[in-house]
Structure formats: C-alpha cells, structure tokens
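Descriptive analysis of the structure
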Amino acid sequence: MTGLERRPLLKPGCRLSPAGDVLLIPEGVLRLQGPATRIVQSCDGSKTVAEIVATLLDQFPAADQARVSEETSAFLTKLAGRGAIEFV
Amino acid sequence: MKAAPQALIAEITHRCPLHCVYCSNPIQMQGAAHELTTGQWTGIIRQSAQLGCWHLHLTGGEPLLRRDAEDLVRAGRESGLYVNLITSGLGLTSARLAALVAAGLDHIQLSFQDSQETPANTFAGTRAHSQKLRVAEWIRNHRIAFTVNLVIHRQNIDRLEELIGFAEQLNADKLEIANVQYYGWALRNQAALLPSREQFRASLPVIEAARERLSGKMRIDYVLPDYYAKYPKACMGGWGRGLLLIDPAGRAMPCHSAGVIPGLEFPNAATESLRTIWEDSPVFERFRGEQWMQEPCRSCERKTIDFGGCRCQAMLLAGDAAATDPVCSLSPKRSVVDGLAQPIPPQQNETPRWVYRIDPVA
C-alpha cells in the first residue's frame, strides 16, 4: 500500500478546538493554518490521503497537484509523529 | 501583555488513599476544610480558558476523592479546554468512568507504582495495584487518550524492560516513565530512591530499544533523574511562562513545590482574578525572565533553554532560590548534588526504611 492509499484517523484524545484553529492533543496543541483544519477534519478513517488531496484540489483549483499532494502527506506524517493520527 | 499560560493545573484536593514514598505533594498539605467549593473551581476553570489556557489537568492528591470531579470535567470541556485527569484509579468504578467520559474527559493518566503487585503496594503504602489493573481495562472501552505513569527509582529501575512490557500489555497510548524528582516526600526518602549512576546509565539503552520497538504503537516519555544530568531541567517550562497551578485551598503557584521558597505570598484564586494573578502578582514575576538570575546563569547561553533550572531545587540544595540550580555542572554548588549521589547499586540486604506520605489533617 502506498502512502496515498492509507486512511488517516485522529487518535483517541485528539480533537479540534471548538474554533477549529488548533488541534488539541494530550501533550499540547498544534496550531493549524490554511487548509490544515480541513485536512484534520478529514481524518476520520474513511478517506484515503489521495481522496483528501482530491477534495483540496476541488477547493483550490489553481493549486499545483504534485505540491498539494506532497505537502498534505508531509503534514500527515508530522501529525502521526506527534501521535495525533494513525493510519488505518 | 504577557504570554498566556498553556495549562491550568488544578490540584483539587491533597487527600489521597495512597501513601507513595515519592509523592511530590508538599509536606505541608491543605486539609479538606480548606478546599475550594465546586462553584469556586468552576469559576477558576472558566477564567483559565478566557486567559488563554488550552489544557486543564485535574490532579491532587487523588482528584476522584472529590465527588464533583465530573462537574469540573464538564466545566472544563464547556469552556473549550482539553481535559486531562491524573489519577491513581482508586475511587473509580466502571460507571463513574463512563460519567467522566460523558462529561467531556479527553485524556486519563493512570499511575502505577510497579508491574508486580507486592512491590507496587509497598511503594504505594496501600493495596492499590489490583484495582488499577481493573481501571486500565475499563479505560480501553472508551475512546479517550490513555497514558500510564510509572515512577522508577533505585528499587525497580533494574526491571525497566519488564515495566515497559507491562504498560504495553495495558494497551496504553503513552508511557510516561519518570525517575523520581526530589521534592516533598521523595526528598525524605532520597537515599532509598536514588539509583546509582550505573543503574541510570543502564536504563538509557533499554529506553532507546523500546522506543524503536514500539514506534507507532506506544510513545515513551522518559524523565531523567536530574541529579545525574549535566544541565538542569527547564522546570515547569520556566517560572510563570506556561503553567499556572492552583492548590486545593486556591493558592496560585508557578509550581507545586514553590511553597518551600520563603517569602513568597501566594495570591488566592478564590478572591483575585486569574488574569491579575498571572499578569501582575509579585510571585509570578519573581523568577520570570532573566533579571533575577545570578552568574553563571546570567551570561550563559542556555538561560533561554533551561531558565536556570528549578527554583525549588536551588532553595532546597543551595539554600538560595535565585541561585543556579545546583544540578547544573556549571553551578558552584554542584558538589552538594555529587555528595548526595549514590555510589553503589542496591545490595541484596538493603531494606529501605520508608517515610510514607500521610494524609493532610482536616
């Protein structure tokens, strides 16, 4: 399975703040900018990384596909490294 | 304007059914008669969210000895805070845990004293271990974050691998494995608790191997014994920088043991606003920034990394709360720490004479 086919899921005890600008995790907070909030909202275990990228490209048609894909993957890897998501 | 605190540490009671030999609570505790009311606590929790806190840590003592723990969890969640409960698991039932989760609990930290029942109950001074095992099972029936806290020391650090395997079997998301820090009751038992330098050194590759083996499954935080460190810890992330602690009687403190520093008058959160306390009180100003620092801290490039270390440890070991933390290798008082360090690992006939933590008088 390539990275794009994995399905990210927020881990127990990790959630968006009520205003959606911060991801709350046991160890602290991760401040979210730009499309990061939308990406986190998509981490429900049902969507693949590729599907999340496709949705972002629908919302930002002018964006470069390779770059969005790369940056989304990098962001998700960072979240996994902080223990905020797992891939199911 | 001052940077807001990240977290409110609410020590809602000092009462506890455990008597741990390394308890970090102060020797002088607040009795039940001095504890704040539910209404006072919910007011403080709401103010902390308005002040800019993100996390609420409900701790003690044993926070579940207060029957209103659910109400305080709810107040935190409704204020927009991330709610963490730090507990021994005593006083918990399956139904009460469900009620706490329904009230908005995000994260639970469950303490264990050992992986084996007999030493665990010895260190806790009570039969607590089997109840904790039940609680760990109940926790995994809920979708909340689960951290196991284990304190290690001279008597069990040699079984580190077994302790890590134990936390793994409990299905924890995270293991916080902490060497004892010497304040409060732990300082009284320091000779029986401090591992030898060799014992400590042997623990490092064990942690490293476990982190690699459990990567992506269970995170491991390892808190070092700072008597063996080259540089001090950034205690509380720096005085008055990120953490605001309220004790059971409402006293606002930059850390839980700040009471050992003479001359500090702690403002009370039941009568003053949290914002005034955080931004303007002399206690929180006392060791903020760098103005208070002495040499070698003042001209040290690490002063923005460790903030001079721990003020309470400087008081306890160097006799001056504004001195460089004496665990620092650059401290002129480092010899005091070296004098306390244990030269040899525990011997077979070593039988510690424990001083057990007692409950506060009402």
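The structure contained in this document is the topic of the report that follows. (Residues numbered from 1 in each chain as written. Chains lettered and ligands numbered in written order. Predicted model: local features only at pLDDT ≥ 70, side-chain atom pairs only at ≥ 80, totals over all residues.)

1. Description of the overall build of chain A
Each helix and strand in chain A was counted, giving 3 helices and 5 strands. Helices (α) and strands (β) of chain A occur, in sequence order from the N terminus, as β-β-β-β-α-α-α-β. The C-alpha radius of gyration computed for chain A amounts to 12 Å, which stays within 12% of the reference 12 Å derived for 88 residues, consistent with globular compactness. Oriented by its inertia axes, the alpha-carbon framework of chain A measures out at about 35 × 30 × 20 Å. Across the 88 residues that make up chain A, the buried fraction comes to 27%. Within chain A, residue pairs in contact and separated by at least 24 positions form 56% of the contacts whose partners lie at least 6 positions apart. (Helix = DSSP H or I, 4+ residues; strand = E, 2+ residues; numbered from the N terminus. Rg over C-alpha atoms; globule rule 2.2 N^0.38 Å. Buried ≥ 20, exposed ≤ 12 C-beta atoms within 10 Å, placed from the backbone. Contact = placed C-beta atoms within 7 Å.)

2. Digging into the sheet that holds strand S5 (residues 145-152) of chain B
All names here are of chain B. Spatial strand order, S7-S6-S5-S4-S3-S2-S1-S8-S9: 9 strands in an open sheet with mixed pairing. A single partner strand is all that each edge strand has here, and the edge strands are strand S7 (219-223) and strand S9 (252-253). Two strands pair when backbone bridges link them, and strand S4 (residues 107-112) and S5 are joined in this way by 6 bridges, in the parallel orientation. Bridging from a neighbouring strand, His107 pairs with Ala145 of S5. Sitting on the sheet, helix H5 (residues 129-139) touches S4 and S5, and the angle it makes with S4 is about 160°. (Pairing = 2+ DSSP bridges. Axes fitted to C-alpha atoms, helices over the stretch in contact; angles between N-to-C directions.)

3. Remarks on the sheet that holds strand S2 (residues 15-16) of chain A
Residue and element names in this part refer to chain A. Sheet architecture is open: 3 strands sit in the order S2-S3-S4, paired in antiparallel fashion. Edge positions in the open sheet fall to S2 and strand S4 (28-31), since each of these has one partner strand only. In this sheet, strand S3 (residues 22-25) lies alongside S2 in antiparallel orientation, the contact comprising 2 bridges. Bridged to Arg15 within S3 is Leu24.

4. Examining the environment of His129(B)
All names here are of chain B. When you line up the elements, His129 lands in helix H5. For His129, a count of 20 C-beta atoms within 10 Å corresponds to the buried category. Considered as a pair, His129 and Thr118 are 11 residues apart in the sequence and their alpha carbons are 8.5 Å apart.

5. Things to note about the packing of helix H1 (residues 38-51) of chain B against helix H2 (residues 69-78) of chain B
Residues and elements named next belong to chain B. One can describe the packing of H1 onto H2 by two numbers: an axis separation of 9 Å at closest approach and a directional angle of 25°. In terms of orientation, H1 lies roughly parallel with respect to H2. Judged by the twist between their axes, the crossing of H1 over H2 is right-handed. On the side of H1, the interface is formed by Thr38, Trp41, Thr42, Ile45 and Arg46, while H2 contributes Asp71, Leu72, Ala75 and Gly76. (Parallel < 35°, antiparallel > 145°, perpendicular 65-115°, else oblique. Left-handed = near helix turned anticlockwise from the far one by under 90°.)

6. Description of the interface of chain B and chain A
In this assembly, 14 residues from chain B lie in contact with 11 residues from chain A. Listing elements by their share of the side of chain B that touches chain A, those giving two or more residues are strand S3 (82-87) and S5 of chain B.

7. Describing the nonpolar core
Residues and elements named next belong to chain B. Judged by nonpolar contacts, the single largest core of 118 residues is most densely connected at Leu8, Tyr22, Leu56, Leu58, Leu150, Ala167 and Ala186. The element best represented in this core is S5, accounting for 6 residues. Ignoring any residue separated from it by four or fewer positions in sequence, one finds Leu56 in contact with Leu8, Ala10, Ile45, Ser48, Gly76, Leu81, Tyr82, Val83 and Asn84. (Core = buried A, V, L, I, M, F, W, Y, C linked by C-beta atoms within 7 Å.)

8. A closer look at the pairing of S4(B)
Across the 6 residues that make up S4(B), a large majority, 5, are buried. The handedness of the S3(B) to S4(B) crossover, carried by helix H3 (residues 94-102) of chain B, is right-handed. (Right-handed = clockwise from strand over helix to strand, strands pointing away.)

9. Describing the pairing of S3(B)
Residues and elements named next belong to chain B. For S3, the tally of buried residues reaches 6 of 6 residues, placing the bulk of the element in the interior. Side-chain alternation along S3 places Tyr82, Asn84 and Ile86 on one buried face and Val83, Leu85 and Thr87 on a second face that is also buried. Taking the sense of rotation as the criterion, the β-α-β connection linking strand S2 (residues 55-59), H2 and S3 turns out right-handed. Two elements, S3 and S4, share 4 bridges in a ladder whose sense is parallel. Within the sheet, the bridge partner assigned to Thr87 lies in S4 and is Leu110.

10. A closer look at unusual backbone geometry
Residues and elements named next belong to chain B. Each neighbour pair has its own omega, and for Gly60 with Gly61 the value is 10°, a cis peptide bond. Tracing the backbone shows Gly61 in the loop between S2 and H2. Between Glu295 and Pro296 the backbone carries a cis peptide bond, its omega angle lying at 5°. Assignment of secondary structure puts Pro296 in the loop between helix H11 (282-285) and helix H12 (303-306). Phi angles above zero are rare outside glycine, and Phe307 is one such case at about 55°. As for its placement among the helices and strands, Phe307 is situated in the loop between H12 and helix H13 (311-318).

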